Amino acid sequence: MEAEPPLYPVAGDAGPHGVEDPLGVPGGPEAPLDDLVGAYPNYNEEEEERRYYRRKRLGVLKNVLAASTGGSLTYGVYLGLLQMQLILHYDETYREVKYGNMGLPDIDSKMLIGINVTPIAALLYTPVLIRFFGTKWMMFLAVGIYALFVSTNYWERYYTLVPSAVTLGMAIVPLWASMGNYITRMAQKYYEYSHYKEQEEQGPQRRPPRGSHAPYLLVFQVIFYGFFHLSFACAQLPMVYFLNHYLYDLNHTLFNVKSCGTNSHGILSGFNKTVLRTLPRSRNLIVVESVLMAVAFLAMLLVLGLCGAAYRPTEEIDLRSVGWGNIFQLPFKHVRDFRLRHLVPFFIYSGFEVLFACTGLALGYGVCSVGLERLAYLLVAYSLGASTASILGLLGLWLPRSVPLVAGAVLHLLLTFCLFFWAPVPRVLQHSWILYVAAALWGVGSTLNKIGLSTLLGILYEDKERQDFIFTIYHWWQALAIFAVYLGSSLPMKAKLAVLLVTLLAAVTSYLWMEQKLRRGVVPRQPRIPRPQHKVRGYRYLEEDNSDESDAEGERSGGGGQVDGAEEEASPTGPRPGPEPAGLGRRPCPYEQALGGDGPEEL
């Protein structure tokens, strides 16, 4: 009886008759090793490389969508909670019944001070935090601080609301600076993954042509701000589905209001002190706040789980290794660049116009004339107008880069001029359609402003060593403008419109002057970024241009590398009497140091 053949062929066995396998590879000792363990016969290197970089590009798109969605949810939760709490705390009956003499107006004023004043110091610590934690982890940490602010509203006390508001104020500039830096880096990486063949031909050390990533950057900024402006609509969901059911109508809340629009003073002068027909139950408030907390936690998970790193680990090390003192000073040194100085008025106006849309237009013109119950719909009109019009930013792919930015400014200029002469009548709804159209058009100008500025900064400052500094300066000036609006909230509406108008004219003039200088070939003065100085010995990158190498090591390896190598080749191979002296590139190990020798001893 014959034995059954083995299930798997035995290595080196030629078989009973030396039959070849179906692939034509002979068996037995004569089988070539390369054919057995080599590459798959149908392997196509170019096709696999194409698929690899396609997966990389899809990963970049995933990062952009996750960051955009996370930022939109975070800001929407923050605005929605702040708006709902300020309306509830404004009502006298709610304060007396729920909190007695705890002093909620005083707590709210200090909370707003913490949110608006703390970002003034952000220029001192934002670049240090971004370099220390990294761009992605800075985004995650800042989103977590926003979630912390939401959680403290479960127990509204001075010692919970005010400290969390101060912490939130500290995270505002780092969050949006790291977001802008992240989107710009994703555009640069998408260009690298789309033109990988050109990168291989030019070599890994060659930088891509200047402005090559601009089309991808514009598309990514359109996506980001399309999601970001949807946050204003998401913030109105607590108002629409919860708080509007408890509000008085406009005949009660606007009973003592005499003037609106350009004739108004401060914020809603004469507005009724009681705006709630019935008080919401604490259980319902806890449910709403729990939903907001869940959304904030979802934003944290999106940033944590779906956002990839903005830099490779070696790049992160290089960015930190320029020295913390240099990182602290470089934002101030970038003021030497005339391009940044010319864009500062636009940075300031960018902060002015957002606050004017939420306070001046929505409150001074909207709520003052059509009632508090329509505030949510006005802001939804602004949000949808801005988000939809973000598609207009794609015109920058075919038009000069100044056209979308100046077009948004001209639209705001016309709207501001019209609002300067319009005073809607309180408690009259016939003109409400004008308010919705004005809010939507203001959103169109806002999105063109934001997309144009962020794209312009990403084009002007392509170096990855500078981008976090530039976006920090941009959002710091925005924070200063928001603080100025907070200080001037009691000014007459005409004064606010005049300041807005003057700032806008100065911004457009300064920007066009900058473009004229660049066309004339004026070279900007940029501060030098120091070389990375690594203190780690023994960890080296496998690259020709070793960014982990200190100056002393570079001089030693560049000037004396041949001599050292020649000396090693000329040295005898036999045993040496006595200890071997440690060379310039070699340190004695701890055991040798304990023995008191300089190197290994031959026994």
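Quick look at the structure, then. (Residues numbered from 1 in each chain as written. Predicted model: local features only at pLDDT ≥ 70, side-chain atom pairs only at ≥ 80, totals over all residues. Heavy atoms only, no water.)

1. A short note on the overall build of the protein
Put simply, the rule is: By definition, any uninterrupted DSSP run of H or I lasting at least four residues is a helix, any uninterrupted run of E lasting at least two residues is a strand, and each is numbered from the N terminus. Note on exposure labels: buried denotes an accessible area under 20% of the residue type's maximum, exposed denotes more than 50%, and partly exposed covers the range between, all computed with a 1.4 Å probe on protein chains only. Residue contacts are defined here by distance: any two heavy atoms, one from each residue, within 4.5 Å place the two residues in contact. The protein chains shown are the only cover counted for residues, whose accessible areas, like all others here, come from Shrake-Rupley with a 1.4 Å probe.
Per the secondary structure count, the protein includes 22 helices and 0 strands. The 603 residues of the protein split such that 47% are buried. Considering only contacts in the protein between residues 6 or more positions apart, those separated by 24 or more positions represent 85%. By element, 62% of the accessible surface of the protein is carried by carbon and sulfur atoms, the whole surface being about 30500 Å².

2. Description of the side chain of Glu 316
When you line up the elements, Glu 316 lands in helix H13 (residues 313–320). Apart from the residues within four sequence positions on either side, Glu 316 is in contact with Gly 134, Thr 135 and Tyr 311.

3. Some points on a nonpolar patch on the surface
Inclusion rule: For patch building, the residue pool is restricted to those with more than 30% relative accessible area and no salt bridge; the joining distance is 9 Å between like charges and 5 Å between nonpolar side chains (Val, Leu, Ile, Met, Phe, Trp, Tyr). In the sections that follow, a salt bridge refers to a side-chain nitrogen of Lys or Arg positioned within 4 Å of a carboxyl oxygen of Asp or Glu.
A surface patch of nonpolar side chains, about 750 Å² in accessible area, is lined by Phe 132, Phe 133, Trp 137, Leu 141, Phe 297, Leu 301, Leu 304 and Trp 324. For the nonpolar patch, the secondary structure elements donating two or more residues are helix H5 (122–133), helix H6 (135–152) and helix H12 (282–306). The element that contributes the greatest number of residues to the nonpolar patch is H12, accounting for 3 residues.

4. So, empty space enclosed by the protein
So the rule is basically this: A cavity here means a set of 1 Å grid points, computed over protein atoms only, where a 1.4 Å probe fits but cannot escape. A pocket is an open set with protein on both sides within 12 Å along at least 5 of 7 lines, and lining residues have an atom within 4 Å of a point. Grid points are joined across faces, edges and corners, and a volume is the space filled by probe spheres set on the points. When residue character is reported, Ala, Val, Leu, Ile, Met, Phe, Trp, Tyr, Cys and Pro are called nonpolar, Asp, Glu, Lys and Arg charged, and the others, Gly included, polar.
According to the stated counting rule, one finds 2 cavities of 30 Å³ or more in the structure shown. Estimates place the volume of the largest cavity at around 70 Å³. As for the largest cavity, its lining consists of Ala 357, Leu 361, Ala 362, Leu 378, Leu 379, Tyr 382, Leu 435 and Ala 439. Only helix H15 (338–370), helix H16 (375–389) and helix H18 (432–460) provide two or more residues apiece to the lining of the largest cavity. Per-class residue counts for the lining of the largest cavity are 8 nonpolar, no polar and no charged. Along the walls of the second largest cavity sit Ile 130, Arg 131, Gly 134, Thr 135, Asn 181, Tyr 311, Glu 316, Leu 319, Arg 320 and Asp 468, which together make up its complete lining. Of all the secondary structure elements, the ones that give two or more residues to the lining of the second largest cavity are H5 and H13. Here the lining of the second largest cavity takes 3 residues from H13, the largest share from any one element.

5. Regarding H13
Basically, it comes down to this: In this context, the arc is that of the directions from the helix axis out to the C-beta atoms.
When we look at burial in H13, the residues that qualify are Glu 315, Glu 316, Asp 318 and Leu 319. With its buried residues spanning 165 degrees around the axis, H13 presents them on a single face. Residues of H13 that are buried in the fold lie against H5, H6, helix H7 (158–194) and helix H14 (324–333).

6. Focus on the packing of aromatic side chains
This is how it is decided: Any two rings among Phe, Tyr and Trp, with Trp reduced to its six-membered ring, count as a pair given centres within 6.5 Å; such a pair is stacked if its planes are under 30 degrees apart, edge-to-face if over 60, and tilted if neither. Throughout this description, the term charge over a ring refers to an Arg CZ or Lys NZ atom that lies within 6 Å of the ring centre and within 35 degrees of the ring normal.
Tallied over the entire structure, the rule returns 30 aromatic pairs. With a centroid separation of 5.7 Å and 85 degrees between ring planes, the pair formed by Tyr 190 and Phe 220 is classed as edge-to-face. With a gap of 30 residues between them, Tyr 190 in helix H7 and Phe 220 in helix H9 (residues 214–234) connect regions that are remote in the sequence. On the accessibility criterion, Tyr 190 (16% relative accessible area) is buried. Measuring from centroid to centroid gives 5.9 Å for Tyr 365 and Trp 422, while their planes differ by 25 degrees, and the two rings are stacked. Placement of Tyr 365 in helix H15 and of Trp 422 in the loop between helix H17 (402–419) and H18 is noted, with a sequence separation of 57 residues between them. An aromatic cluster is defined as three or more aromatic residues linked by ring pairs; in this entry it consists of Tyr 75, Tyr 78, Tyr 146, Phe 149, Trp 176, Phe 224, Tyr 225, Phe 228, Phe 232 and Tyr 382. Directly above the ring of Trp 137 sits Lys 136, whose terminal nitrogen or CZ lies 5.0 Å from the centroid.

7. Comments concerning the packing of H17 against helix H20 (residues 493–519)
Quick note on the threshold: Axis definition: a line fit to C-alpha positions, over the contact stretch in the case of helices; interaxial angles, taken between N-to-C directions, run 0 to 180 degrees. Roughly parallel means an angle under 35 degrees; roughly antiparallel, over 145; roughly perpendicular, 65 to 115; everything else is oblique. Handedness of a crossing is defined here by the sense of rotation of the near helix relative to the far one, left-handed for an anticlockwise turn of less than a right angle and right-handed for a clockwise turn.
Their axes nearest at 10 Å, the elements H17 and H20 cross at an angle of 160 degrees. Relative to H20, the element H17 is oriented roughly antiparallel. The element H17 and its partner H20 pack so that their crossing is left-handed. Mapping the contact onto sequence places Ser 402, Leu 405, Val 406, Ala 409, His 412, Leu 413, Thr 416 and Leu 419 in H17 and Leu 497, Leu 500, Leu 501, Leu 504, Leu 505, Val 508, Tyr 511 and Leu 512 in H20. Of the residues assigned to the contact of H17 with H20, the class counts are 13 nonpolar, 3 polar and no charged.

8. Looking at unusual backbone geometry
Even without a glycine there, the phi angle at Leu 268 is positive, about 55 degrees. Within the fold, Leu 268 resides in the loop between helix H11 (250–253) and H12. For Arg 427, which is not glycine, the phi torsion reads 65 degrees and is therefore positive. Structurally, Arg 427 is set in the loop between H17 and H18.

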